[in-house]
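Reading the structure
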Amino acid sequence: MPGKCCFNNIWLHKEIYKSWLEKTEDKGKAKCVVCRKTFDISHMGEMALTSHAKGAKHHAAVAAREASAITSFFRTTPQTATVTPPAVCSSSTVLYQTDKPMLPFLCEDMNKLIKGLMGRFVVDKHLHEATSTLKLLAVPFQDNRLHKDASQIDIGFTADTTLKQLRSSKQVSERQAIKVRLDCKRLLIALEKLLKKAPLQHTLVRSMQCLDPRRMAKSKEQCVKQMTRMLHILVECKHIDDAVCDDTLREFRDVCDMARCHTAFREFDPNTELTAFSTRQWGVSHLFAECGI
Ligand SMILES: [Zn+2]
């Protein structure tokens, strides 16, 4: 026997449903946009909604959506498009989808990415003071004293435009607009957890920057320090024999000296194959062969 309950438009505005509920053509059904599931409400009416919201699958889907929020910041109303921040990560992620040796560039790129994301809510001064990756990782991003004023939080160009439009058409109040900015901040702070697992935490990844030809050309001293640190780690984990380290360091110093005078090093493009570049420039021997790079 068909039920009697119909979809009630009021539900779309209720705080507990509005982030996921959508109307369907069928009045006896409702749709959850997070689970992408349509379910019957004709028998239970609103109870069907509360029951769906309590479900384990719904909770998991909501959690997954929050996790992917880096590319999908927030949904203003179920009818409007999802507002997204500029794709700060896309260029890096595309660059790293390759079999080419990219680790030497990872540290600097991640450093830029973190500064870009955290700079959305952290006062510039504190990020400028983090002159090395290690210092950047030590910045207490959760500390309110480091944060920008709520109205200054950068939620991205598109999101900001949409929010301003909603404000001027009085669809959202100033308080709601501020809440959106604060929600974005909370989300960005949550990303700090990811930082704890980031490859940047490894000395080896940070040291490998010394193999970036642009750095070799710019700062021999720093690069030799990093190369030495890298060799220590590789010897420690028995990846290389310590007998080759002196030769490798000598060779590396020579290459750095050469790099300083060559525009090819200074203007190296990470999209170029690093191993091919190295072979062409100085005929790789110990270094790349031993390190398996
Ligand atoms: Zn759901």
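What counts as what
- Residues numbered from 1 in each chain as written.
- Predicted model: local features only at pLDDT ≥ 70, side-chain atom pairs only at ≥ 80, totals over all residues.
- Helix = DSSP H or I, 4+ residues; strand = E, 2+ residues; numbered from the N terminus.
- Buried ≥ 20, exposed ≤ 12 C-beta atoms within 10 Å, placed from the backbone.
- Contact = placed C-beta atoms within 7 Å.
- Expected span 1.5 Å × (residues − 1).
- Arc of directions from axis to C-beta.
- Pairing = 2+ DSSP bridges.
- Axes fitted to C-alpha atoms, helices over the stretch in contact; angles between N-to-C directions.
- Parallel < 35°, antiparallel > 145°, perpendicular 65-115°, else oblique.
- Left-handed = near helix turned anticlockwise from the far one by under 90°.
- pLDDT = per-residue confidence, 0-100.

Section: the overall build of the protein chain
Of the regular secondary structure elements, the protein chain holds 16 helices and 3 strands. For the protein chain, with 293 residues in total, the buried portion stands at 21%. Intrachain contacts of the protein chain at a sequence separation of at least 6 include 61% that bridge at least 24 residues.

With respect to helix α12 (residues 220-236)
Compared with the 24 Å implied by 1.5 Å per residue over 17 residues, the 24 Å span of α12 between its first and last C-alpha is a close match. If you check which residues of α12 are buried, you get C223, Q226, M227, M230, L231 and L234. Projected onto a plane normal to the axis of α12, the buried residues spread over an arc of 145° and lie on a single side. Exposed positions of α12 whose direction lies more than 90 degrees from the buried face are E221 and E236.

Let's talk about the sheet that holds strand β1 (residues 21-23)
Here we have 3 strands laid out as an open sheet, ordered β1-β2-β3, and antiparallel in their pairing. Each edge of the sheet is formed by a strand with only one pairing partner; in this case those strands are β1 and β3 (37-40). This sheet shows a mean twist of 35° between the axes of neighbouring strands, independent of strand direction. Both β1 and strand β2 (residues 29-32) contribute to a ladder of 3 bridges, which runs antiparallel. Looking at β2, one finds that K23 is bridged to A30.

Thoughts on helix α4 (residues 103-118)
With 16 residues, α4 should reach 22 Å at 1.5 Å per residue; the first-to-last C-alpha distance of 23 Å fits that figure. Where α4 is concerned, the buried positions are P104, F105, L106, C107, M110, I114, L117 and M118.

Examining the packing of α12 against helix α13 (residues 245-260)
In the contact formed by α12 and α13, the axes pass within 10 Å of each other and the chain directions differ by 155°. The orientation of α12 relative to α13 falls into the category roughly antiparallel. The handedness of the crossing between α12 and α13 comes out as right-handed. Of α13, the residues touching α12 (which contributes K220, C223, V224, M227, T228, L231 and V235) are C245, T248, L249, F252, R253, C256, D257 and R260.

What to know about the pairing of β2
Judged by which residues are buried, β2 turns out to be one-sided: A30 and C32 face inward and are buried, whereas K29 and K31, on the alternate face, are not. Between β1 and β2, which follow one another and run antiparallel, lie 5 residues. Summarising the sheet, β2 and β3 pair through 4 bridges and their orientation is antiparallel. Looking across to β3, one finds that K31 is bridged to T38.

Quick notes on the confidence of the model for the protein chain
Of all residues in the protein chain, 84% have pLDDT values of 70 or greater, and the mean over the chain is 82. Of all the helices and strands in the protein chain, helix α16 (residues 286-291) carries the lowest mean pLDDT, 53, while β2 carries the highest, 95.

A short note on the environment of K125
Mapping K125 onto the fold places it in helix α5 (residues 124-129). The spatial distance from the C-alpha of K125 to the C-alpha of L146 is 9.0 Å, given a sequence separation of 21 residues.

Brief notes about the environment of L117
Within the element layout of this structure, L117 appears in helix α4. Each C-alpha atom of the pair L117 and I189 lies 9.5 Å from the other, and the pair is 72 residues apart in sequence.

Quick notes on unusual backbone geometry
Within the chain, R36 stands out as a residue other than glycine whose phi angle is a positive 55°. Inspection of the secondary structure puts R36 in the loop between β2 and β3. According to the C-beta neighbour criterion, R36 is exposed, with 9 such atoms within 10 Å. Its identity as a non-glycine residue notwithstanding, K238 has a phi of 60°, on the positive side. Summarising the element assignment, K238 is placed in the loop between α12 and α13.

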